[in-house]
Amino acid sequence: MINIHFSRLTEPTTAIAASFTRWENDQQIKYLARFNRNQADLDASNEITIASLVQRIQHTAIYLIYLHQQLIGEMSYQIDPPLLLKPEANSAWISITIGEHQARGQGIGNQALAYLEQQIATQGLRRIELGVFEFNQPAFALYAKRGYHEIGRITDFTYWQGRMWADIRMEKWL
Ligand SMILES: CC(C)(COP(=O)(O)OP(=O)(O)OC[C@H]1O[C@@H](n2cnc3c(N)ncnc32)[C@H](O)[C@@H]1OP(=O)(O)O)[C@@H](O)C(=O)NCCC(=O)NCCS
């Protein structure tokens, strides 16, 4: 049986920062999760440090995703960040990365989002918005399956394979 658990990040460690850094720079997924203006951005490596995580958790709730006690991904939500397409008060802006490739495609992303939505609802928030690049069909399919609907597209948003692509914004009311 798949043994998954989730844990709110409160005390970043060297090991956690190292996993985040590895996922952030992984060629297989870096173009999916982070936005790039050009090839130089896409090629750049970023280091996630304990200090940067400590700063991030001041305004973002991060949850670590574990499979059989191994850290395999992370997800987060932020309340009413300026980047919302629809600035409805009390919106949660979410993101998710299953960083370890062997953990993808087994229903973990789906379960993780169900948990994140529950945490958001517990905070009294009723709306979720997210962004997904137009070429990221697996992620788009997951969000559609979980009841997220497209509310707009921001064209020329991120660079990949020699051209710019749109960011699809989706929302879900809880
Ligand atoms: C996108 C991501 C979060 C999905 O998590 P996952 O655990 O791999 O997905 P699940 O196994 O829970 O799949 C749930 C649904 O997603 C869709 N999906 C997942 N992988 C897919 C694939 N390779 N192709 C098509 N659809 C896929 C399907 O709708 C699937 O439902 P189904 O199994 O009933 O068909 C994960 O693959 C990931 O982190 N990818 C890299 C980073 C990324 O793209 N993050 C999202 C940025 S917006």
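Here is a short report on the structure shown in this document. Within any chain, residue numbers begin from 1 and follow the written order of that chain's sequence. Given that the model is predicted, a residue must reach a pLDDT of at least 70 before its local features are reported, and side-chain atom pairs must reach 80 or more before they are shown or counted; all residues, however, enter totals for whole chains, interfaces and linings. To obtain the side-chain values, all non-hydrogen atoms of the structure were included, while hydrogens and water were left out.

### Concerning the pairing of strand 5 (residues 127–133)
To keep it simple, the criterion reads: Burial status follows relative accessibility: with a 1.4 Å probe on protein chains alone, a residue under 20% of its type maximum counts as buried, one over 50% as exposed, and anything between as partly exposed. Runs of E in the DSSP output that reach at least two residues are strands. Runs of H or I that reach at least four are helices, and both are numbered from the N terminus. Should DSSP find at least two bridges between two strands, the strands are taken to pair.
Of all seven residues that make up strand 5, six are buried, and the element is covered over most of its length. Examined bridge by bridge, strand 4 (residues 91–98) and strand 5 share three bridges and lie parallel to one another. Residue pairing in the sheet places Trp93 in a bridge with Glu129 of strand 5.

### Details of the packing of aromatic side chains
Applied cut-off: Pairing of aromatic rings covers Phe, Tyr and Trp, the last through its six-membered ring, and needs centres within 6.5 Å; plane angles under 30 degrees mean stacked, over 60 mean edge-to-face, and all others mean tilted.
Taken as a whole, this structure holds 12 aromatic pairs when the rule is applied. Ring centres of Phe133 and Phe157 lie 6.2 Å apart, and the angle between their planes is 50°; this geometry places the pair in the tilted category. One end of the pair, Phe133, is in strand 5; the other, Phe157, is in strand 6 (residues 149–160), with 24 residues separating them in the sequence. On the basis of relative accessible area, Phe133 is assigned to the buried category, the value being 7%.

### A few points about the sheet that holds strand 4
Here is the rule we go by: Helix axes are fitted only over the stretch in contact, all axes being lines through C-alpha atoms; the angle between N-to-C directions runs from 0 to 180 degrees. Between two residues, a contact is recorded if the distance between any of their heavy atoms is within 4.5 Å.
Taken in spatial order, the seven strands line up as 1-2-3-4-5-7-6 in an open sheet, and their pairing is mixed. Looking at which strands have only one partner, the edges of the open sheet turn out to be strand 1 (4–8) and strand 6. Adjacent strand axes in the sheet meet at a mean angle of 25°, parallel and antiparallel pairs treated alike. With seven bridges joining them, strand 5 and strand 7 (residues 163–173) adopt antiparallel strand pairing. Looking across to strand 7, one finds that Leu130 is bridged to Met170. Along the sheet face, helix 1 (residues 14–24) touches strand 2 (60–67) and strand 3 (70–79) and points at about 85° away from the line of strand 3.

### Regarding the pattern of salt bridges
Condition: When a carboxyl oxygen of Asp or Glu lies within 4 Å of a side-chain nitrogen of Lys or Arg, that pair is called a salt bridge.
Taken as a whole and judged by the stated rule, the model has 13 salt bridges. As a salt-bridge pair, Asp41 and Arg37 come within 2.9 Å of each other at their nearest N and O atoms. Relative accessible area serves as the criterion here: at 18%, Asp41 is assigned to the buried category. Classification of Arg37 as exposed rests on a relative accessible area of 56%. Where Glu134 meets Arg153, a salt bridge forms, and the shortest distance between an N and an O atom there is 3.8 Å. With a gap of 19 residues between them, Glu134 in the loop between strand 5 and helix 6 (137–145) and Arg153 in strand 6 connect regions that are remote in the sequence.

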